[in-house]
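A look at the structure
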Amino acid sequence: MTDETAITDQVLAIAKDVFTAMIDGEEGGIWVWDGAPAQFVDPLHSWVDVHGAFPARAAVTAERTTCLDLARALMSMAPDAEVSTDDLVDAFGEVANVVGGNIKSLIPDPGALSLPQVASTLPQPTEPNHRVELAWRGSPIFISLWTLDNDGGDRS
């Protein structure tokens, strides 16, 4: 098994656990994306940074409409309920927070986890070290991992 495969398997296991426990209430809601490479039109990104001996960033990316559906599911709202911007940011940020917290447990000698950030663009100028392309209820949702320098900047 390659390092890339091992990381993908670990991130997939984390995502399955998080989505089952927090969002879907049952297994099977998230799986490896098997479609053509997704091109996000109106993406949202949420991320957390892990500070410590090996600084890293874990980010979750999905279409805004998918993020709205995630927020509704996380907050047990009706499928057509209106989601405020604050609720959207809180819910999508919490997804990154829990995913990132679980990924933090895989890092040797991890430090503190930052508060989650949510924005329409990621601060990274380069490609991530690893990107795991997943689908939640048929919509693409990607989890990416970056190695950061000690100042929180991209080191790729």
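Residue numbers here run from 1 along each chain, matching the order of that chain's written sequence. The model is predicted, so local features are restricted to residues of pLDDT at least 70 and side-chain atom pairs to those at 80 or more, both for listing and for counting; the totals for chains, interfaces and linings are taken over all residues. For side-chain calculations, the full set of non-hydrogen atoms in the structure is used, while hydrogens and water are omitted.

This part takes up the pattern of salt bridges. Any carboxyl oxygen of Asp or Glu within 4 Å of a side-chain nitrogen of Lys or Arg constitutes a salt bridge here. Scanning the model with the defined rule gives five salt bridges in all. Across the pair D49 and R57 runs a salt bridge whose closest N-O atoms are separated by 2.4 Å. Both residues of the pair, D49 and R57, count as buried. In this structure, the salt-bridge partner of R131 is E133, at a minimum N-O distance of 2.9 Å. A relative accessible area of 24% means that E133 is categorised as partly exposed. Summary of the burial criterion: residues with accessible area below 20% of their type's maximum are buried, those above 50% are exposed, and those between are partly exposed, where the area comes from a 1.4 Å probe applied to protein chains only.

Moving on: unusual backbone geometry. Backbone geometry at S76 places phi at a positive 55 degrees, although glycine is not the residue there. Counting from the N terminus, the helices are the DSSP runs of H or I reaching at least four residues and the strands are the DSSP runs of E reaching at least two. Here S76 shows up in the loop between α2 (64-74) and α3 (85-104). Of the residues examined, S76 reaches a relative accessible area of 68% and is grouped as exposed. A positive phi is found at R137, a non-glycine position, where the angle reads about 50 degrees. Relative to the elements of secondary structure, R137 occurs in the loop between β6 (130-136) and β7 (139-147).

This part takes up the side chain of E63. Here E63 is to be found in strand β3 (residues 56-63). Charge assignment in this entry is limited to Lys and Arg as positive and Asp and Glu as negative, and neither His nor the chain termini are counted. Comment: no salt bridge for buried E63; closest opposite-charge side chain is R64, at 7.4 Å. With residues up to four places along the chain from it excluded, the contact list for E63 reads Q39, F40, V41, D42 and P43. The contact criterion used throughout is that any non-hydrogen atoms of two residues lie within 4.5 Å.

Looking now at α3. By definition here, a helix of n residues has an expected span of 1.5 Å times n minus one. Taking 1.5 Å of rise per residue, 20 residues should cover 28 Å, and α3 covers 28 Å from first to last C-alpha, within 8% of that figure. Every buried residue belonging to α3 is among L88, A91, F92, G93, V95, A96, V99, G100 and I103, and all of these are buried.

Attention now moves to the environment of A112. Summarising the element assignment, A112 is placed in strand β4 (residues 110-113). C-alpha of A112 to C-alpha of L44: the two residues are 68 residues apart in sequence and 24 Å apart in space. Apart from the residues within four sequence positions on either side, A112 is in contact with D49, V50, H51 and K104.

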